[in-house]
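Structural overview for review
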Amino acid sequence: IITHSIRTFCLRKRETMPDITDYKLNKIFTAPVGELTAEQEELLSEVKAVRTTPRDSRFPSQNQANHCWNRYNEWLLCMKTTNSEEGCKTMRHLAAKICPTIWTDKWDEERGEGTFAGIKTEE
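Structural notes, computed from the coordinates.

Here is what the cut-offs are and how they apply
Residues numbered from 1 in each chain as written. Predicted model: local features only at pLDDT ≥ 70, side-chain atom pairs only at ≥ 80, totals over all residues. Heavy atoms only, no water. Axes fitted to C-alpha atoms, helices over the stretch in contact; angles between N-to-C directions. Helix = DSSP H or I, 4+ residues; strand = E, 2+ residues; numbered from the N terminus. Parallel < 35°, antiparallel > 145°, perpendicular 65-115°, else oblique. Left-handed = near helix turned anticlockwise from the far one by under 90°. Contact = heavy atoms within 4.5 Å. Salt bridge = Lys/Arg side-chain N within 4 Å of Asp/Glu carboxyl O. Buried < 20%, exposed > 50% of the residue type's maximum accessible area, 1.4 Å probe, protein only. Disulfide = S-S within 2.5 Å.

1. Quick look at the packing of helix 4 (residues 65–82) against helix 5 (residues 89–98)
At a minimum axis distance of 8 Å, the contact between helix 4 and helix 5 shows a crossing angle of 160°. Taken together, the axes of helix 4 and helix 5 are roughly antiparallel relative to one another. Handedness of the helix 4/helix 5 crossing: left-handed. Together, His67, Cys68, Arg71, Tyr72, Glu74, Trp75 and Cys78 of helix 4 and Met91, Arg92, Leu94, Ala95 and Ile98 of helix 5 make up the contact between the two elements.

Dropping the structure here:
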């Protein structure tokens, strides 16, 4: 009786559920867009260019706190070895995409105060 009820519920649910193609995330970028102003075109291109940090097999779990910490320190290591903010811009971008802003702001502040626990860029 229970199995029959579950099966019936699932079949009914499937009939009322919309098609999965209605939920494509990239639909916003593939659907035709009407005429846009120059400002709207610029904003749309910025949105299309947004990317997150790529998957890192060293951090397979859902909790990405260690991945965030590592990306931030990789950026600092780049800054320390190259002394070039421009050359390390990509590393900073990757750290900013995976880390909560409140964390990076706090770490930036700690670096300024000299209390940051990670890689030291100035000695």
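2. Some points on the pattern of salt bridges
Applying the stated criterion to the full structure yields five salt bridges. In this structure, Lys89 and Glu86 form a salt bridge, with 3.5 Å as the shortest nitrogen-oxygen distance. For Glu86, a relative accessible area of 58% corresponds to the exposed category. Between Asp108 and Arg111 there is a salt bridge whose closest N-O contact spans 3.2 Å. Of this pair, Asp108 and Arg111 both sit in helix 6 (residues 101–113), three residues apart, which is roughly one turn of the helix. Asp108 sits in the partly exposed class, given a relative accessible area of 25%. Where salt bridges share partners, they join Arg92, Asp108 and Arg111 into one cluster.

3. Notes on the state of the cysteines
Taken as a whole and judged by the stated rule, the model has two disulfides. The residue that forms a disulfide with Cys68 is Cys99, at a sulfur-sulfur distance of 2.1 Å. Handedness here is read from the sign of the S-S torsion; for Cys68 and Cys99, about 120°, the answer is right-handed. Here the residue Cys68 occupies a position in helix 4, and Cys99 occupies one in the loop between helix 5 and helix 6, the gap between them amounting to 31 residues. Owing to a relative accessible area of 6%, Cys99 belongs among the buried residues under this scheme. Across a sulfur-sulfur distance of 2.0 Å, Cys78 and Cys88 are joined as a disulfide pair. The sign of the S-S torsion, about -85°, decides the handedness of the disulfide formed by Cys78 and Cys88: left-handed. Residue Cys78 is found in helix 4, and its partner Cys88 is found in the loop between helix 4 and helix 5; the two are separated by ten residues along the sequence. Residue Cys78 is classed as buried on the basis of its relative accessible area, which comes to 14%. What connects to what in the protein chain, once the bonded cysteines are numbered by sequence position, is 1-4, 2-3.

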